[in-house]
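# Remarks on the overall topology
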Amino acid sequence: MDKNNIQEVKLLEQATDLIGSSKKIFVLTGAGISTDSGIPDFRGPKGVWTLNPGAEKASNIRYWITDPDIRKARWKGLLKRKQSGAPERQANAGHLALAKLQRTGKLRLLATQNVDGLHTKAGNTNVIEVHGNLKQTKCLKCGDVLPIDDTIARVAQGDEDPHCLKCGGLLKSATISFGQSLVAEDIQAAMDAARDCDLMIAVGTTLGVYPIAGVVPIASQLNVPIIILNGSPTELDHLATIKLTGSISHILPRMVVPAVESKEKIKSKI
């Protein structure tokens, strides 16, 4: 075993010990936890926005409102995926490890920057989706919410730029784009969790999007241990108690499962 492997094993053991001894864990996840489910991240070497800058424009509310061509291209892309018969994305071992953590009662809150719904699919129930979700559409004028499949069906029938059937306002997925206001209650809940946790774990996020990335400095100021796991460096690595780099679906279960298995076994015997 070389020095790098020895160091990785030591860090994993330390992370496992921290999880095992903690009672109120706050987890923040980003796009990196879902890449092994076949969902590309945004800013990585093969990220959606790296390879297609136009896709980043579609995630900016200003361009969505002002450019019909961007809206049409986005709806066309969603329809194309629907018609392709591509299977639904499934939770991977990283998502399942966090669901396992919740079942022990150790997980105070899971906040995610993702809109894919895979944490819920894995079994997590105490989840805040700070950037919304892709399962619904929302009218930007009246706020009407509908299943996104209903809107995609309209696109299939020839409505290239669907508008709200109630008020005529612009429709978009119920994700929160750049330039849109976040849900204040969700951000407050995340900040409260950062102040009330005894361990902070940031997974698959570059920690460069605020205000949600601000939970890490909050925890740090309160001397809460911080584990950062990502495939590449993050903007807040200097605040990490333990920094792990590599495949999240490989490392996260190795970090979490040994820490919680004994607790689950004890519960099963009571």
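Quick summary incoming for the structure in this document.

Position of Val203 relative to the elements: it lies in strand S7 (residues 199-203). Judged by its relative accessible area of 0%, Val203 is buried. Through-space distance from the C-alpha of Val203 to that of Gly30 is 6.4 Å; in sequence the pair is 173 residues apart. Sequence-distant contacts of Val203, defined by excluding residues within four places in its chain, comprise Val27, Leu28, Thr29, Gly30, Ile33, Leu229, Ile248 and Leu252.

Further remarks concern helix H6 (residues 93-103). Burial of H6 is extensive: eight of the 11 residues sit out of reach of the surface. Listed in full, the buried residues belonging to H6 are Gly94, His95, Ala97, Leu98, Ala99, Lys100, Leu101 and Gln102. Gly105 sits one or two residues past H6 and shows a positive phi near 85°.

We now examine the sheet that holds strand S2 (residues 107-112). Across the sheet, six strands lie side by side as S3-S2-S1-S7-S8-S9; this open sheet has parallel pairing. Of all the strands in the sheet, the pair left with one neighbour each is strand S3 (127-129) and strand S9 (242-245). Between one strand and the next, the sheet's axes are offset by a mean angle of 15°, whatever the strand orientation. As paired elements, strand S1 (residues 25-29) and S7 share five bridges and run parallel to each other. Each residue of the ladder has a partner; that of Leu28, found in S7, is Ala202. Helix-sheet contacts for helix H9 (residues 184-196) involve S1, S2 and S3, and the interaxial angle to S2 is about 135°.

What counts, and where the lines are drawn
- Here the residue numbering is sequential within each chain, running from 1 through the sequence in written order.
- Only residues with pLDDT of at least 70 get local features here, since the model is predicted, and only at 80 or more are side-chain atom pairs given and counted; chain-wide, interface and lining totals rely on the full set of residues.
- To get the side-chain values, take all heavy atoms of the structure and skip hydrogens and water.
- A run of H or I in DSSP becomes a helix once it reaches four residues, and a run of E becomes a strand once it reaches two; helices and strands are each numbered from the N terminus.
- Burial classes: relative accessible area under 20% of the type maximum marks a residue as buried, over 50% as exposed, and values in between as partly exposed (1.4 Å probe, protein chains only).
- Between two residues, a contact is recorded if the distance between any of their heavy atoms is within 4.5 Å.
- Two strands are counted as paired when DSSP detects at least two bridges linking them.
- Fitted lines through C-alpha atoms serve as axes, helices being fitted only where they are in contact, and the angles separating the N-to-C directions of these axes extend from 0 to 180 degrees.

Any link to function would need more than the numbers given here.
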